[in-house]
Amino acid sequence: MAEDCIFCKIAAGEVPSETVQEDEHTLAFMDLNPWTRGHALVIPRNHSRNLYEVAEDDLRHAAAASKRLALRMRERLDCDGVNVLNACEPAAWQTVFHFHLHVIPRYDDDPLQLPIRPRQAGPDELARVADQLRGG
Ligand code: AMP
Ligand code: ZN
């Protein structure tokens, strides 16, 4: 447990949360500021800052817990879809530095929109960036 980590405190039961699902490795609870009705967060019980640092086992457990929660959302909330979102570092909107996955139920008539309009890549753009990423 990391000192002064709000999600570690939630996992330890020291800070209240609306927990909806838990197992040995993970906890899922309602986000205080939901994007849609039912927006929840899945965290590994083990502390890590974010995707860069999370142990692969914790990541696997959190991903599996997100799937279970998504199925529960479909059944109980009658949502039409689900977004799973992770923010890694402030540049990517991370505000709480304990790894978590947002599991956001989506409804055909909800008001969420992508904040950007993606454009098609230019000639060679994909090849150039893929070159940077490829290999060991
Ligand atoms: P992120 O920006 O990806 O780091 O998301 C952090 C999320 O945690 C935000 O959506 C907050 O609304 C949510 N949050 C912060 N504190 C709490 C808390 N005590 N209980 C539930 N959700 C929280
Ligand atoms: Zn923590």
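So, here's what we can say about the structure. All of these numbers come straight from a predicted model, not from anything done at the bench.

1. Notes on the pattern of salt bridges
And then number 1: Going through the model one piece at a time under the given rule, you end up with nine salt bridges.
And then number 2: Here Asp 4 and Lys 9 are joined by a salt bridge, their closest N and O atoms 3.9 Å apart.
And then number 3: Note that Asp 110 is salt-bridged to Arg 106, the shortest N-O span being 2.8 Å.
And then number 4: Given a relative accessible area of 14%, Asp 110 falls into the buried group.
And then number 5: Look at Arg 106 and you get partly exposed, because its relative accessible area is 21%.

2. With respect to unusual backbone geometry
Most peptide bonds adopt trans geometry, and most residues besides glycine take a negative phi value.
And then number 1: Despite not being glycine, Asp 4 shows a phi value in the positive range, around 65 degrees.
And then number 2: Mapped onto the secondary structure, Asp 4 falls in the segment before α1 (6-11).
And then number 3: Taking relative accessible area as the criterion, Asp 4 reaches 68% and is therefore assigned exposed.
And then number 4: Positive phi values are uncommon outside glycine, yet Asp 78 reaches one of about 60 degrees.
And then number 5: Structurally, Asp 78 is set in the loop between α2 (56-77) and β4 (81-85).
And then number 6: By relative accessible area, Asp 78 is classed as exposed at 60%.

3. A few points about the site of ligand 1
And then number 1: In the vicinity of ligand 1 lie 16 residues, with Asp 31, Asn 33, Trp 93, Thr 95 and His 102 positioned nearest.
And then number 2: Here Trp 93 contributes a backbone N or O atom positioned 2.8 Å from an oxygen atom of ligand 1.
And then number 3: At 2.9 Å from an oxygen atom of ligand 1 is found a main-chain nitrogen or oxygen belonging to Val 96.
And then number 4: In isolation ligand 1 has 500 Å² of accessible area, and contact with the protein removes 84% of it.
And then number 5: A molecule is said to occupy a pocket when more than half its atoms come within 2 Å of that pocket's grid points, and by this definition ligand 1 occupies the largest pocket.
And then number 6: Only α1 and β2 (26-30) provide two or more residues apiece to the shell around ligand 1.
And then number 7: If you tally residues by element for the shell around ligand 1, the top one is α1, at three residues.
And then number 8: Tallied by class, residues from the shell around ligand 1 come to ten nonpolar, five polar and one charged.

4. Quick look at the coordination of the zinc ion (ligand 2)
And then number 1: Within the protein, Cys 5 (SG), Cys 8 (SG), His 47 (ND1) and His 98 (ND1) serve as the donor atoms for the zinc ion (ligand 2), at 2.0 to 2.3 Å.
And then number 2: What the four donor atoms of the zinc ion (ligand 2) show is an angle range of 105 to 116 degrees at the metal, which sorts the shape as tetrahedral.
And then number 3: Here the donor residues for the zinc ion (ligand 2) map to a single chain with the spacing C-x2-C-x38-H-x50-H. Of the two residues, Cys 5 and Cys 8, both sit in the buried class.

What counts and how
- Residues numbered from 1 in each chain as written.
- Chains lettered and ligands numbered in written order.
- Predicted model: local features only at pLDDT ≥ 70, side-chain atom pairs only at ≥ 80, totals over all residues.
- Heavy atoms only, no water.
- Salt bridge = Lys/Arg side-chain N within 4 Å of Asp/Glu carboxyl O.
- Buried < 20%, exposed > 50% of the residue type's maximum accessible area, 1.4 Å probe, protein only.
- Helix = DSSP H or I, 4+ residues; strand = E, 2+ residues; numbered from the N terminus.
- Near = heavy atom within 4 Å.
- Polar contact = N/O pair within 3.5 Å; in protein donor to acceptor, adjacent residues only side chain to side chain.
- Areas by Shrake-Rupley, 256 points an atom, 1.4 Å probe, with all protein chains shown as cover.
- 1 Å grid on protein atoms, 1.4 Å probe; cavity = no way out; pocket = protein on both sides within 12 Å on 5 of 7 lines; lining within 4 Å.
- Sits in = over half its atoms within 2 Å of the grid points.
- Nonpolar A, V, L, I, M, F, W, Y, C, P; charged D, E, K, R; others polar.
- Donors = N, O, S within 2.8 Å, 3.2 Å for Na, K, Ca; no water.
- Tetrahedral: all angles 85-135°; square planar, octahedral: opposite > 155°, others 65-115°.

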